[in-house]
Amino acid sequence: MLLNNLHMHNFKSNYEIILQTLNKIELKQNFLNQIRVPRLTDLELISVNLTAEYMGIDSEHQLFRDLPIEIKSKIERSVYNRRKRKLFTHIESIRFKLSEAFNEFEDCYILDSMPLEVCKLARSNRSAICKNETWSSPNRGFCASQNASYYGYKLHAVCSVRGVFKSIDISPASVHDIHYLKDVKHQLKDCILLGDKGYLSSDYQLDLFQKSNIKLTIPTRKNQINHKKHPYVFRKNRKRIETLFSQLCDQFMIRRNYAKSFDGFKTRILSKITALTIIQYLNHFVFNREINKIKVNLV
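Just so it is clear, the structure is predicted and the values come from calculations on it, not from any experiment. (Residues numbered from 1 in each chain as written. Predicted model: local features only at pLDDT ≥ 70, side-chain atom pairs only at ≥ 80, totals over all residues. Heavy atoms only, no water.)

Participant: Pulling in residues and values, what's your account of the layout of surface pockets?
Facilitator: Considered as a void within the structure, the second largest pocket measures approximately 350 Å³ in volume. Lining the second largest pocket we find 16 residues, and of these Gln34, Arg36, Pro38, Val79 and Arg83 sit closest to its centre. Considering only residue class, the lining of the second largest pocket consists of 7 nonpolar, 2 polar and 7 charged. (1 Å grid on protein atoms, 1.4 Å probe; cavity = no way out; pocket = protein on both sides within 12 Å on 5 of 7 lines; lining within 4 Å. Points joined across faces, edges and corners; volume = space filled by probe spheres on them. Nonpolar A, V, L, I, M, F, W, Y, C, P; charged D, E, K, R; others polar.)

Okay, structure coming up:
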């Protein structure tokens, strides 16, 4: 009982810090068109969501056991779940505002992808997870770093050298990494972009440079003509996005999936990345700490 009370106290304290921060970067309290003004505002709901992800509470059943009574009394669990999914675009807008506080003057970014498994391959044929729409259904893909096939999606991401996500996207697992470059040229300009060998394409490199003045730098294969070893500074910087992916898997448990629909799945992924970004924001702008030391107490 005492441990439960302590957990509720910690949740409330963390929630208040996160809500206070969101109030500074977002003036509106409600985003959805509703007949009646909700007792728990949309911004407060997003704060509850981000606090839960930061504290590693990825089960809504457990969340509503840990919620302080003054928050729990304002909303039902089913309503919370529906409203959270509807707020996807607004959570993304908040994530973008947080990241822009870091990335406004950045001129070097890192590009990579990671697998998001929804179930084991043996269960893929009979699994109904995220198959409510054909266009968004998961499928089978291959992860070169793990040298293994998997069933699910792929998270594509661009982050700064400091370790803050600039842009993210989700695709079925079978989509090749190189296709994400079609979106990148509309999101970045006048910068250096560091990628791995999966993005090796002279046509895409030329297109990025001509359309958006993006210099895509990729290590060449050993059997290529004019092969040169990638500069050490680029190899070192590329490790930053791999560290971010590890933090998402470790503290934010991004590979653990309880969602049944694609809307629920993508909202969970975005919530975890936004929670990571707001902790980085608090570390830098509020507590004056190293931004990527995320295993810290807010109170």
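Picking up after the structure, the text goes on.
Participant: Give me the packing of aromatic side chains: which residues, what numbers.
Facilitator: For the coordinates displayed, the defined rule picks out 8 aromatic pairs. Ring centres of phenylalanine 64 and tyrosine 80 lie 5.5 Å apart, and the angle between their planes is 75 degrees; on these two criteria the pair is classed as edge-to-face. Here the residue phenylalanine 64 occupies a position in helix H3 (residues 60-66), and tyrosine 80 occupies one in helix H5 (residues 77-86), the gap between them amounting to 16 residues. You'll find phenylalanine 64 and tyrosine 80 in the same group, each marked buried. Ring centres 4.7 Å apart and planes at 40 degrees place the aromatic pair tyrosine 281 and phenylalanine 285 in the tilted group. Linking tyrosine 281 with phenylalanine 285, this pair stays in helix H10 (residues 262-285), spanning 4 residues, or about one helical turn. Site record: aromatic cluster; members linked through ring pairs are Trp135, Tyr153, Phe262 and Phe265. (Phe/Tyr/Trp six-rings, centres within 6.5 Å; stacked < 30°, edge-to-face > 60°. Helix = DSSP H or I, 4+ residues; strand = E, 2+ residues; numbered from the N terminus. Buried < 20%, exposed > 50% of the residue type's maximum accessible area, 1.4 Å probe, protein only.)

Participant: So what's going on with the side chain of serine 271? Residues and values would help.
Facilitator: Tracing the backbone through its elements, the reader meets serine 271 in helix H10. Within the local environment of serine 271, its side chain forms a polar contact with the side chain of asparagine 49, the two groups lying 2.7 Å apart. Of the polar contacts made by the side chain of serine 271, one reaches the backbone oxygen of threonine 267; its length is 2.7 Å. Residue contacts for serine 271: discarding those within four places in its chain leaves Asn49, Leu50, Glu53 and Ile91. (Polar contact = N/O pair within 3.5 Å; in protein donor to acceptor, adjacent residues only side chain to side chain. Contact = heavy atoms within 4.5 Å.)

Participant: Explain helix H8 (residues 202-212) to me, using residue names and the numbers behind them.
Facilitator: Buried within H8 are the following residues: Tyr204, Leu208 and Ser212. Along the axis of H8, the buried positions cluster into a sector of 40 degrees, meaning they face one direction only. Opposite the buried face of H8, at more than 90 degrees from it, the exposed residues are Ser202, Asp203 and Gln210. Among the structural elements, helix H7 (181-187) and strand E6 (214-217) are those in contact with the buried residues of H8. A positive backbone phi angle near 55 degrees is found at asparagine 213, which sits one or two residues after H8. (Arc of directions from axis to C-beta.)

Participant: Tell me about the nonpolar core, and please be specific about residues and values.
Facilitator: One finds Leu22, Leu63, Leu155, Phe165 and Phe265 to be the most contacted residues of the largest nonpolar core, which totals 67 residues. Counting residues per element, this core draws most heavily on H10, which supplies 11 residues. When neighbours within four sequence positions are excluded, leucine 22 is seen to be in contact with Leu43, Ile46, Ser47, Leu50, Ile94 and Ile278. (Core = buried A, V, L, I, M, F, W, Y, C linked by side-chain atoms within 4.5 Å.)

Purely spatial values, then, with no claim about function.
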